[in-house]
Structure formats: C-alpha cells, structure tokens
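Spelled out, the chains give:
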Amino acid sequence: MSGFFRRFFAPRWRHRDPRVRHMAIAQLDKRKPADYQALEQLARDEDATVRREALAQFDDPALLLAWLESHDSAELRARLSQLLCGSVPDAPPLNQRLTLVDTLEDHDLLVTLTEAGDNQQLRLAALARLDDEAALIRQACDNGIAAVRHAAAERVTSHAGLQRLAREARRDKAVIRQARERLQRLRADAEETQAQQAARQRILEALEAHALHAWEPLYGARYRHLIREWEALGDTPSDEQERRFQEASQRCHKTLSDHETEGHAQHQALQRQEEAAHTRAILVEALEDAVASLAQASSLTHQDIDSLRAQQRLHGERWLALSDHYPPDDDIQARYAAAQAACQRVNDAWDRATTHAKALEDALRDDHAAIDACLARIDWPNDLPPTPLIQEARRLRQAETADGDAPVDLAALQEELDALEHHLDRGTLKTASRSYRQLRQRLDALPRASRGELEARLKRLGARLAELRDWRGFVAGPKRTQLIDSIEALAEDDTLPDADRDRRHRQLIKEWAALGDAAATAELSQRFRSASQRIHDALADWYQRRDDERKRNLEAREALCEQLEELIAHPDSRADPDILRQIRDRAREQWQQFSPVPRERAKPLGQRFGRVRHELQALIDRRAGEIGEAKRQLIAEAEALVEADMPATQRSEDAKALQARWRALGRAAKGEEQMLWRQFRGLCDRIFAAREAERENRAQQAQARLDSMQALIDRFDAWQPERANESATLDAGIREAEALEPLPGGRRSEGMRRRWQGIVRTRRERLVHLALAEQADRWQVLRPLVDAHAAADAKMLQGEDAGDVAAPEALPRDWQQAHAARNASRREGTTDTAEHLLARLVVQVALLADEPVAAEDEPLRLEVQVARLNNGLGQAPQPDQELAEVLRQLLATGPVTPTAWTTLVARFDTLFDALARRVASPPPRLSP
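Bear in mind that the values here come from a model prediction, so they are computed numbers and not experimental data.

1. A closer look at the overall build of the chain
Helix and strand counts for the chain come out as 38 helices and zero strands. For the chain, the residues scored as buried account for 40% of the 928 residues in total. Here the chain displays about 51900 Å² of accessible surface, and carbon together with sulfur accounts for 51% of that area.

If you want it as structure tokens, here you go:
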C-alpha cells in the first residue's frame, strides 16, 4: 500500500519510464535547490538520453570535471567537450576555459580540445598538455590550424616519429620539410656520434694496448697524447667505456710510477753507494791518521794504544757493515788492508814491549848488561816513538857506551827532569821513583863540575818524591787495614757464589796492588796473603773447572780459526756470498759463545781471529764483486736481447734462460743486488710484455682472419651466379680464402671450412648448370637450321632435288663445319646410320640433364657412357663442352626421315627445356 502511494505521488523525474523522466527535465529549474539535486541525479541516470538532456542543463565545466572523476560517461565527456571547445552558446568565456585546460589531465579531452577548439590559443594550450608522441603526430598531420600543426611537429623528437611525420603529413609541406630537416640532423648527429664512438673505441684499444707495453722513453708522451685525444671528443662515454678508460689509465699510471720509483730507487742506491765509498775513505783516512799521529808522538803510552785499538775495532765493525751492502773497490780495499796491517804492526810491537817490560825493568835496576838482550827481544820498530821504558833503556845504553870525554847532554837531562816533575804532578809514585833512581845514577856518574843546577833540581824533586811517598803511606794505611778486613771477611763467607767470590777476590787484590809499597808492613802483607790463600784454596775446584772450560773454549776458538783459515786458503770459486756471510756471522756468534779463554792466549788468538775475519770479509767482497760483474754481464745480454731481431717467443725463452743463470749466480752485495735486480727485472718485463703484446697481436690477427673469413662466407652465401662466365668471381673468392689460411684451431674454424667448402661446391654446380643452360639455349638458335636440313632431307628422300641448305649469316665457327658436313651427309649418308647416331645423342643429352632414358634406348646408355670416358681419356669431359659437342654432332648428322625427325626433335626439345629449367631457381642458402 505504501509502495503504491509512493509511486503514485512520486515526481515525474523519478518515473519508471525514461521518456517520462526525459520530458520532466524541461520542467526542472536548476536555480531551485530541489530541482538542482534532481538534475544531478538525472545526470547519473541509467538511460543515455536522460543523462544527455540533464547534462545539457549544466554550463559549468569545472563542476562536470569534478563529476568526471566519480562517474565517467560518454554523455558527460561530450558535454564537457562542447563547453570547453566553445561549440555551444552557453560555453564559458575563453579565459575561464584556458584556466581549466591548464589543470586538465584527461588525455582524450585534451585531444578533443586540440582538434575541435574554437580558438587557436585554446588548441595550443591543450596541445602543450599532451605528451603522447602518437597524439602529437596525429595533430601535426590532421589539425586544421597551421600553427597547431607546426607546434605539434616541433615536439616530435624520436627518429621513428619524424619518419612517420614525413611520410603521413600530406596536408602541410612545411611540416614535411621540417620533419625531413630534423631527420637529416638526427642522422648527421647519429653519424657524428657513431664516428666519435668509433674514435673513442680506437683510442680505448690503443690505450689498452699501450698499457700492456713496458716503459720506453716515449711512453709518457704517447699516453698524454691519447689522453688529449680522449678529452677532445665531445660525446659522453658509456659506463663500460669509462670503466675501460679508467682501468687502462691506471695501468699506464702504474707503469709510469713504477719507472719513476725504479729511477728514484736507483738514484738513491747510487747515492748510498757513493756515501758508502765516502765513509770507507773516511774510515781508512782515520786509521792512517791514527797510525801517523802515533809516529809523530814523543813516546807511546797505554792511552795511545787503547785509543788506536778502539778506533781499529770501531772502524772494522763499520767497514764490515758497509761491506754487507756495497762491495769496496780494489784500491780502497788495498788501502784498508795496509792500514790494518800498520795498526797490527803497532799492536804486535806493543804486545812484545808489554810482555818483556818486567825483564827490562829488572835489567835497568839490577843488570845493565841485559838491556840489549831485552831490547832485541822487544824489537821495537825504529819508525815508532818508544815507550818511556824503552826510551829510558836506550838513553842508559847510550850513556854507558858513550866515551868519558864526550860532552854531557844537558838538554836530555833537563828533559828527563821535566818528565820526572810531570810524573810527580800526576802522582805516579812508582814511575817517578824509577825515573829518580835512573837520574840519580846518571848524575852520580857525571863529573862534579857538570852537575851544578841539575843536582839541585834533582834534590828538590827528590824531596817532593819523599813527600809523595809519605803522603801515599799516610793515605794507604787505613786503606790497607780496610782491604785486609774485607779479604778476611770474604775468606770466611761461604754463601757467595764462586764466581762472585772470585770476582770480589780479584778486585781486592787489584786494589792492594794499586797501593804499591805505601804503608806496607810484613805483618799486613802476610795477613793479606794468608786470607788470599784461604780464598784460593776454597776456590780450587772452581778454578779447575774454570781452567778446564777456558781450555775447551780455547780449543774451540783455535779450531774455529783453523776452519776459517782453511776456508780462506782454499776458497771455492763458485762460493755463494750469502753462505759466506752466514759462516762469518755464525763464526762471530760461536766466538762469543766460547768465552772465557786463558788470559795469556786471549789477545794473540783474538788478533788471529780478527785477521781471519777480515780476510773472510775480503773473500766475501771479492765473490760479491765477481757475482755483481757476472750479473752486469747478464744485464748487458738482456739489453742486447731486448734489441735483438727475433721472434718474441724465442726472446722470452732466452730471457727465462738468463733468469735461471741469474738465480744460479747467488747474490751480490745487498745494495748492489737490489739495484742490479731492478735493472734486470725491468728488461725482462719489457721482453715478456713484448711477448704478451705479440700474442695479443696474433690473437687479434687470428680474430681478424676469422672475421674476414666469416664476411667472405656471408658474401658468397648471398651471391648467386647468374651467368656461366662469373666463375672468375668464385676463383677470386677461393684465392681470398686461401690467403686467410691458416685459420686458428677450433670448432669455429672447422665449421667455417666445412661451410666454405659447401658454398664453393654448390656455386661450382650452379656455374656448371648455367653453362649447360647457355648451351641448351643455343638449341633454339640452332633449331631453324636443323629443321631446314630436315626439310631438305625429306625432299631428297622423295626424289626431288633438294640442293644444299644455305648457311645463315653470322653462323658460329664451330657450326660452320658441321653445317657443311650435314649438306655432304645428305648426299652420301644413310638414314639408318644417322638415326642411330641421333638416338645416341638423345641418350647423351638425357644423361647430361639427369633425365630418365626411354626403355628402348636403355641399351645405348652403356655405349654412350663408354664413349664419353674414351673421349675424355679416363676423365669425364666438362658438361658444357660435351653439350656443345652434342649440338655440333646433331647439326652434322643426317639424312633423317621426317617421321624419325619428328620423334627425335620432340625429345630434344624436352631435354633441352629440362636443362634450362635446372637453373630457373637458385639452390637454397646454406645455414651457418
């Protein structure tokens, strides 16, 4: 009930009938809110006519655009198009429509506006919102306004779009011209880009090849030239090209930096070698100056010898350290050996003087007659200043042997008195006492008149000597008591280790002896000796063990020296300096391990080991120099090998042999070895880099041959001969293929060869077929003449006078004789023989055309095949030549009856047509 009333009293625009709703739209006023809402609902009505009528009541395109997002329909788009294009009277103003177009995103509406807008500005604004190239091409071709067409054409940028525009823009020649011009620019740009890419690829390949080469003087210049060419190119390289460029540049930079580093290292090595040579010169000069300064002194003392030995030891260690790195020259080595020998001579003389010093003192004090024997045993060199003791002994002997009337050497006595005063000033009591006694004796031996002032001065110095002796006694008394207490306490102390106890014992004895005879009494001396003896008895076992150990160390050191001397006496001419250095260092370690040794043997044995060590170092330097010279010779051979004109493979094998010889030589001096190795390695690197470059070049050449062979195969695969005389082209291709041999081994090369052989075989067959076809075509030329002869034969067989058939103009030369023979055979020949010969020719042509032979002609097949072989002397003739001979024989054979000729000529026509058809369609291309 309620539903019925609602339908009955409902407004007409809600009626179920679309026609009623359509008529109700005319009664609605959109200015009324209720009617406005009704129109909005009707604009979404399910009936298209109702929607169209309702939408016609709205004239605001902004509102319709908002509706387009929620419910799209064709009627809504049509109304929008009308309002925006201005094709209806109630369309909004142009400015409003332009504003809406600036925000419009719908592609179809924009296309409609561009095509049907009522204003050029409106169309251009809609065109500006389009970004679809297909739509732009459509507007450029079909739009009714020229400005719109031109604007659309300007926005077409792709190559395909421009081609389509130039092809389809029939309406506007300006658009066509503009499209063609832009196409030409694109092609020019593409060609330029391609040329730049080709140039960039060429530079890349050159740079990569340059990166594989070893350094040479023009390496850096070539690299910079390639970089400038790369930077001069305008286009932007691809990521792959940029990566390859960076890698090649890094390799070139590495080669340059390695060369610079090697040059810097060589320069530093030369500097260090010069510094080593300068240091050696300083060391030798220092030793020579030390020996020379000793010769200029007035006397030789312990301090002078200690200073000389310290310098000799320090300079020797420095010399050995330098020799480990750089071998010395022969002249500086000789100077160093001479300086060492001079130092050793001084040391030996001092050792003899020290050994016989006690005997010489006793001789000076008690027995002057033994002075000469002592001086002879000392054998002091005349070019060295004497020690004070030797100097005193010499003066005494001179004084004793001098004549009594000889003048007194007062100056010498004054010098001796000055020396005595100097000893007193220094507090050396023992030396001063000895000098005083000697001067006292000498002055007593002089006449009293000659003593004078010298005796007075000697008395004053004697008083100072007594005062010094008293003072030393005063000071030495408490010291002696303290030493006695210390040594007695040490004798009672059993807790100390034996070694510490012995060291303390020796120290106390040394301090007791340093006191001399100051404050010395028999009781104190006895107490000290008694305590010392108790300590000595307590350490007897330890002394025995120590002596045994020292004896063993002495034997070990002597054995070590003997081994080294044996090594030096019989050196191996191929000894490795590294092994010799290890022996030297190991000997030094063992020498230090075999310690201590007996004191009386330590010094001479140490001098012996020092001489052996220096001789061993000289041997090491000599061997290192020999190896260095041999390696320099290898470097010279490597340099000659780099410049040698020989294959890179042979050069690299020779370089490997040089490397083996290098390794077998051993090492030169450390600094020189590194420098020589850098030079040798650089030369070997250049040789191996040349080998790699040659390998790469061979690989590139092989690849180029493969590419050329592939191009040749592709060219001849696409080529089909059209005439028989084109065999020269095939022969040229065969020669070109033979020139590309040998191809590199591999499946690709074998496949290329098989494919090329197949192509050559098929093209040769094609040429043979063409030659046969050309000969078959001559049948049509020959046919009228043969028919004329057959007609003449028919007249002759009927008894009529046929006469000779006239030869046509320009009859080929090979047919002229056959034509004359045919005229002659008409008069002399028989029809049976002629028909038999013609039947054989039919079979022969059938064999050439690969056509089946008739059953009745089968017996003739064998006869024809045997004849073909006989004519070719065991080899089948060329098919085209054989067919030409068949045509000649066909012309020359006669007479023939009309009936037989009719049958034969039909078969000849069929067979020659078959030969011509064989070349109508070329064979298919071979698949790769």
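On we go from here.
2. Notes on the packing of helix H35 (residues 831-848) against helix H37 (residues 879-892)
In a pair of packed helices, the angle between the axes and the distance between the axes together describe the arrangement. Remark: H35 packs on H37, axes separated minimally by 10 Å, with the N-to-C direction vectors making an angle of 160°. Taken as axis vectors, H35 and H37 run roughly antiparallel relative to one another. Taken as a pair, H35 and H37 cross one another with a handedness that is left-handed. Along its contact with H35, which presents Leu838, Leu841, Gln844, Val845 and Leu848, the element H37 presents Pro879, Glu882, Leu883, Val886, Gln889 and Leu890. Taken together, the residues of the contact of H35 with H37 sort by class into eight nonpolar, two polar and one charged.

3. Quick look at the packing of aromatic side chains
Summed over all chains, the structure comprises nine aromatic pairs. On the basis of an interplanar angle of 5° and a centroid distance of 4.4 Å, the ring pair of Trp230 and Phe245 is categorised as stacked. Residue Trp230 is located in helix H14 (residues 219-232), and its partner Phe245 is located in helix H15 (residues 239-296); the two are separated by 15 residues in the primary sequence. The two residues Trp230 and Phe245 agree in class, both being buried.

4. Examining the nonpolar core
A general feature of soluble globular proteins is that nonpolar side chains tend to end up buried together. By size, the foremost hydrophobic cluster in this structure holds 40 residues, and its most contacted members are Trp779, Trp901, Phe908 and Phe912. Residue contributions to this core peak at nine residues, all from H35. Residues in contact with Trp901, not counting those within four places in the same chain, are Trp779, Val786, Asp787, Ala790, Leu838, Leu890 and Val896.

5. Concerning the environment of Leu94
Note on placement: Leu94 falls in helix H7 (residues 94-103). Between the C-alpha atom of Leu94 and that of Asp118, which follows or precedes it by 24 residues, the distance is 9.3 Å. In this structure Leu94 touches Asn119, Gln121 and Leu122, once residues within four positions along its chain are discounted.

6. Brief notes about helix H16 (residues 302-325)
Compared with an ideal rise of 1.5 Å per residue, which puts 24 residues at 34 Å, H16 spans 35 Å between its outermost C-alpha atoms and is within 8% of the ideal. The set of residues buried in H16 consists of Ile305, Leu308, Gln312, His315, Gly316, Trp319, Leu320, Leu322, Ser323 and Asp324.

7. Notes on helix H12 (residues 159-168)
Taken as a whole, H12 has its buried residues at Gly161, Leu162, Leu165 and Ala166. Down the axis of H12, the buried side of the element spans an arc of 135°, and every buried residue falls inside it.

8. Overview of unusual backbone geometry
Following Ser595, the chain continues into Pro596 via a peptide bond in cis, with omega recorded as 5°. Residue placement: Pro596 occurs in the loop between helix H28 (577-593) and helix H29 (599-643). For the peptide bond that leads from Glu741 to Pro742, omega is 0°, which places it in the cis range. For Pro742, the location among the structural elements is in the loop between helix H32 (727-740) and helix H33 (747-797).

9. What to know about the pattern of salt bridges
Under the counting rule described, the total for this entry stands at 38 salt bridges. Here Arg695 and Glu692 are joined by a salt bridge, their closest N and O atoms 3.4 Å apart. On the criterion of helical spacing, the pair formed by Arg695 and Glu692 is a turn pair, its members being three residues apart in helix H31 (residues 670-718). Arg695 gets classed as partly exposed once you look at its relative accessible area, which sits at 39%. For Arg888, the salt bridge identified is with Glu885, shortest N-O distance 2.5 Å. Linking Arg888 with Glu885, this pair stays in helix H37, spanning three residues, or about one helical turn.

10. Examining the side chain of Ser249
For Ser249, the position within the fold is in helix H15. Contact partners of Ser249, with chain neighbours within four places excluded, come to Leu207, Tyr223 and Ile227.

11. A few points about the packing of helix H27 (residues 540-569) against H29
Direction vectors running N to C along H27 and H29 enclose 25°, while the axes themselves pass 10 Å from each other. In terms of their interaxial angle, H27 and H29 are classed as roughly parallel. The handedness of the crossing between H27 and H29 comes out as left-handed. Mapping the contact onto sequence places Leu554, Arg557, Glu558, Leu560, Cys561, Glu562, Leu564, Glu565, Leu567 and Ile568 in H27 and Arg601, Leu605, Arg608, Phe609, Val612, Glu615 and Leu616 in H29. For the contact of H27 with H29, the class distribution of residues is 10 nonpolar, no polar and seven charged.

12. With respect to the environment of Ala636
Tracing the backbone shows Ala636 in helix H29. A relative accessible area of 35% means that Ala636 is categorised as partly exposed. For the pair formed by Ala636 and Leu683, sequence separation is 47 residues and the distance between their alpha carbons is 9.8 Å.

13. Description of the environment of Arg440
Mapped onto the fold, Arg440 is located in helix H22 (residues 429-444). Separated by 22 residues in sequence, Arg440 and Gly462 have C-alpha atoms that sit 9.5 Å apart. Residues contacting Arg440, with those up to four places away along its chain left out, are Glu455 and Leu458.

14. Details of the confidence of the model for the chain
The share of residues in the chain with pLDDT of 70 or more is 89%, and the mean pLDDT across the chain is 78. Mean pLDDT across the secondary structure elements of the chain bottoms out at helix H1 (residues 2-9), with 45, and peaks at H27, with 87. Low pLDDT, under 50, characterises residues 1-9; the stretch is placed with one contact to residues that sit more than four places away or in other chains.

Cut-offs and rules
Residues numbered from 1 in each chain as written. Predicted model: local features only at pLDDT ≥ 70, side-chain atom pairs only at ≥ 80, totals over all residues. Heavy atoms only, no water. Helix = DSSP H or I, 4+ residues; strand = E, 2+ residues; numbered from the N terminus. Buried < 20%, exposed > 50% of the residue type's maximum accessible area, 1.4 Å probe, protein only. Areas by Shrake-Rupley, 256 points an atom, 1.4 Å probe, with all protein chains shown as cover. Axes fitted to C-alpha atoms, helices over the stretch in contact; angles between N-to-C directions. Parallel < 35°, antiparallel > 145°, perpendicular 65-115°, else oblique. Left-handed = near helix turned anticlockwise from the far one by under 90°. Contact = heavy atoms within 4.5 Å. Nonpolar A, V, L, I, M, F, W, Y, C, P; charged D, E, K, R; others polar. Phe/Tyr/Trp six-rings, centres within 6.5 Å; stacked < 30°, edge-to-face > 60°. Core = buried A, V, L, I, M, F, W, Y, C linked by side-chain atoms within 4.5 Å. Expected span 1.5 Å × (residues − 1). Arc of directions from axis to C-beta. Salt bridge = Lys/Arg side-chain N within 4 Å of Asp/Glu carboxyl O. pLDDT = per-residue confidence, 0-100.

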